[in-house]
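Architecture at a glance
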Amino acid sequence: TGPFKLEYWKPLDEISAVRFDDYWRDEPMWEGGPSGPAYYDRVIEKTVNEWGTRFAMFQAGDIDWNYVPKQYVDQIDPLVAEECDYKTEECTPVSAGGLFRRYKGMPDTGSVDFFFVMDIPQESSYIGSGQLDGGGIPSDFFADPNVRKAFSACFDYDTYIAEVEKGEALARNGPIIWDMIGHDPEDPPTPAYDPAACEAYFKTSDVDHDGVPAGEDEDDVWETGFYMMLAYNLGNDQRRVAAEMLKAGIEAVNERFTIDILALPWPAYLKQYQATYIPLYRIGWGEDYHHPHNWVQPFLSSAGAYGAALGLPEDLQNQIDTMI
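Now for a look at the structure at hand. (Residues numbered from 1 in each chain as written. Predicted model: local features only at pLDDT ≥ 70, side-chain atom pairs only at ≥ 80, totals over all residues. Heavy atoms only, no water.)

1. Looking at the overall build of the chain
For the chain, the helix and strand inventory stands at ten helices and ten strands. The principal-axis extent of the C-alpha atoms belonging to the chain is close to 70 × 45 × 40 Å. Among the 324 residues that make up the chain, the fraction classed as buried is 38%. Counting contacts in the chain only where the partners sit at least 6 residues apart, residues at least 24 apart contribute 53% of the total. Approximately 18500 Å² of the chain is accessible, and the part contributed by carbon and sulfur atoms is 52%. If the 23 positive side-chain charges of the chain are averaged to one point and the 57 negative ones to another, these points end up 9 Å apart. (Helix = DSSP H or I, 4+ residues; strand = E, 2+ residues; numbered from the N terminus. Buried < 20%, exposed > 50% of the residue type's maximum accessible area, 1.4 Å probe, protein only. Contact = heavy atoms within 4.5 Å. Areas by Shrake-Rupley, 256 points an atom, 1.4 Å probe, with all protein chains shown as cover. Lys, Arg positive; Asp, Glu negative; His and termini not counted. Charge placed at Lys NZ, Arg CZ, Asp CG, Glu CD.)

See the structure below:
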């Protein structure tokens, strides 16, 4: 039913689509929009995981469009011929010897987020002793909202956005993305890096459930400390740096706090987070369709891609499912 049809598919290598001359749409959906058979007779999408190989192909003109991870954009910048406005398509010359056309500031409907698991199986190898004894964390460590707020306040969002995302990202304040119906830019407030607030939240928490704030309780997290492991998928430098920044922020507020970071191959990472073994993990979402349901359902529903692995209390999960 589309303007292209499948020609062939070589799994993990490439997929080819050819123009479908009998494409049914002969009138554009909007003024100036596309209609009729596609402009190109063939489109081939190749899977080339290694950046150096992909970059060499790009420089040689063997590929027309290339995914550039943020950590490599500095290699591309000296080779930019034109800087273009994605709205007007107007381009400004940058370098006479350049090879590429660059569009900056284009909106993206994707995100990468940290997820807290509120009910971690005791057999998880990421929670140390599994107890609040300085050598681990209990299964319900992140069920305490003040612990979650502490972790949130100990992450340096501005530095991460400036240095890792090259200034092209926004801090999120909820599951619905910016500028989409249902998103409120002020409620809750956008999170911010605040070590003093991080410390205060830890001291206000009650991880041992005895009704005494941790800052006044020698048997609670502020005095006992904790140990846990943070995992990320191997080869993803942005997630590695995010984990390292969170570790640094948390450990800086209390010398008794210890976080180790573990790199896992992608298949293992998926299995571990889906089994709710990883107490705090980071993963991305690219929307399937542009509607707020495609954000709240995956993130918070009991049947969601990530919501199903949060370990939310049953009464809270039922309430959220009803709201969705």
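2. Topic: the sheet that holds strand 6 (residues 100-103)
With respect to topology, three strands assemble into an open sheet ordered 5-4-6, the strand pairing being mixed. Since the sheet does not close on itself, it has two edges, and those belong to strand 5 (91-93) and strand 6, each with one partner. Ignoring strand direction, the axes of neighbouring strands in this sheet form an average angle of 30°. Looking at chain direction, strand 4 (residues 80-84) and strand 5 are connected through three bridges and run antiparallel. Within strand 5, the residue paired with glutamate 82 across the bridge is proline 93. (Pairing = 2+ DSSP bridges. Axes fitted to C-alpha atoms, helices over the stretch in contact; angles between N-to-C directions.)

3. With respect to the packing of helix 3 (residues 145-153) against helix 5 (residues 195-204)
It is at 8 Å that the axes of helix 3 and helix 5 come closest, and there the two elements cross at 165°. The orientation of helix 3 relative to helix 5 falls into the category roughly antiparallel. Helix-helix and strand crossings are classified by hand; for helix 3 and helix 5 the assignment is left-handed. Here Asn146, Val147, Lys149, Ala150, Phe151 and Ala153 of helix 3 come into contact with helix 5, specifically with Pro195, Ala197, Cys198, Tyr201, Phe202 and Thr204. Looking at the contact of helix 3 with helix 5 residue by residue, the class counts come to nine nonpolar, two polar and one charged. (Parallel < 35°, antiparallel > 145°, perpendicular 65-115°, else oblique. Left-handed = near helix turned anticlockwise from the far one by under 90°. Nonpolar A, V, L, I, M, F, W, Y, C, P; charged D, E, K, R; others polar.)

4. Observations concerning the packing of aromatic side chains
Scanning all chains against the criterion turns up 30 aromatic pairs. Centroid distance phenylalanine 116 to phenylalanine 151: 6.2 Å. Interplanar angle 85°. Geometry classified as edge-to-face. Placement of the pair is phenylalanine 116 in strand 7 (residues 110-116) and phenylalanine 151 in helix 3, with a sequence separation of 35 residues. One exposure class covers both phenylalanine 116 and phenylalanine 151, and it is buried. The interplanar angle of 55° and the centroid separation of 4.7 Å between the aromatic rings of phenylalanine 202 and phenylalanine 257 together place this pair among those described as tilted. Separated by 55 residues along the polypeptide, phenylalanine 202 in helix 5 and phenylalanine 257 in strand 9 (residues 257-264) bring together distant segments of the chain. Considered together, phenylalanine 202 and phenylalanine 257 belong to a single accessibility category, that of buried residues. An aromatic cluster of three or more residues is present, and its members are Phe116, Phe141, Phe142, Phe151, Phe202, Trp222, Phe226 and Phe257. (Phe/Tyr/Trp six-rings, centres within 6.5 Å; stacked < 30°, edge-to-face > 60°.)

5. Overview of the sheet that holds strand 2 (residues 14-19)
Neighbouring strands of a sheet are bound in pairs by backbone hydrogen bonds; such pairs are parallel or else antiparallel. Spatially, the three strands line up as an open sheet ordered 1-2-3, and their pairing is antiparallel. At either end of the open sheet lies a strand with only one pairing partner, and these are strand 1 (4-10) and strand 3 (42-46). Across the sheet, the mean angle from the axis of one strand to that of its neighbour is 15°, orientation sign disregarded. Bridging between strand 1 and strand 2 involves six bridges; their strand directions are antiparallel. In the strand pairing of strand 2, tyrosine 8 is matched with serine 16.

6. Some details on the environment of phenylalanine 20
If you trace the backbone, phenylalanine 20 turns up in the loop between strand 2 and strand 3. We classify phenylalanine 20 as partly exposed; its relative accessible area is 25%. When the C-alpha positions of phenylalanine 20 and leucine 132 are compared, they lie 62 Å apart, and in sequence the two are 112 residues distant. Sequence-distant contacts of phenylalanine 20, defined by excluding residues within four places in its chain, comprise Gly2, Pro3, Phe4, Lys5 and Pro37.

7. A few points about the nonpolar core
If you look at the biggest cluster of nonpolar residues, it comprises 61 residues, and the most contacted ones within it are Phe141, Phe151, Phe202, Phe226, Ile250 and Tyr281. Sequence-distant contacts of isoleucine 250, defined by excluding residues within four places in its chain, comprise Ala150, Phe151, Cys154, Cys198, Phe202, Phe226, Phe257 and Ile259. In this structure, Trp51, Ile63, Ile76 and Phe100 belong to the second largest nonpolar core, which totals ten residues. (Core = buried A, V, L, I, M, F, W, Y, C linked by side-chain atoms within 4.5 Å.)

8. Re a nonpolar patch on the surface
On the surface, a nonpolar cluster with roughly 470 Å² of combined accessible area is contributed by Phe4, Tyr39, Tyr40 and Val43. Along the chain, tyrosine 39 turns up in the loop between strand 2 and strand 3. Exposure remark for tyrosine 39: the relative accessible area of 73% places this residue in the exposed category. (Patch = residues over 30% accessible without salt bridge, like charges linked within 9 Å, V, L, I, M, F, W, Y side chains within 5 Å. Salt bridge = Lys/Arg side-chain N within 4 Å of Asp/Glu carboxyl O.)

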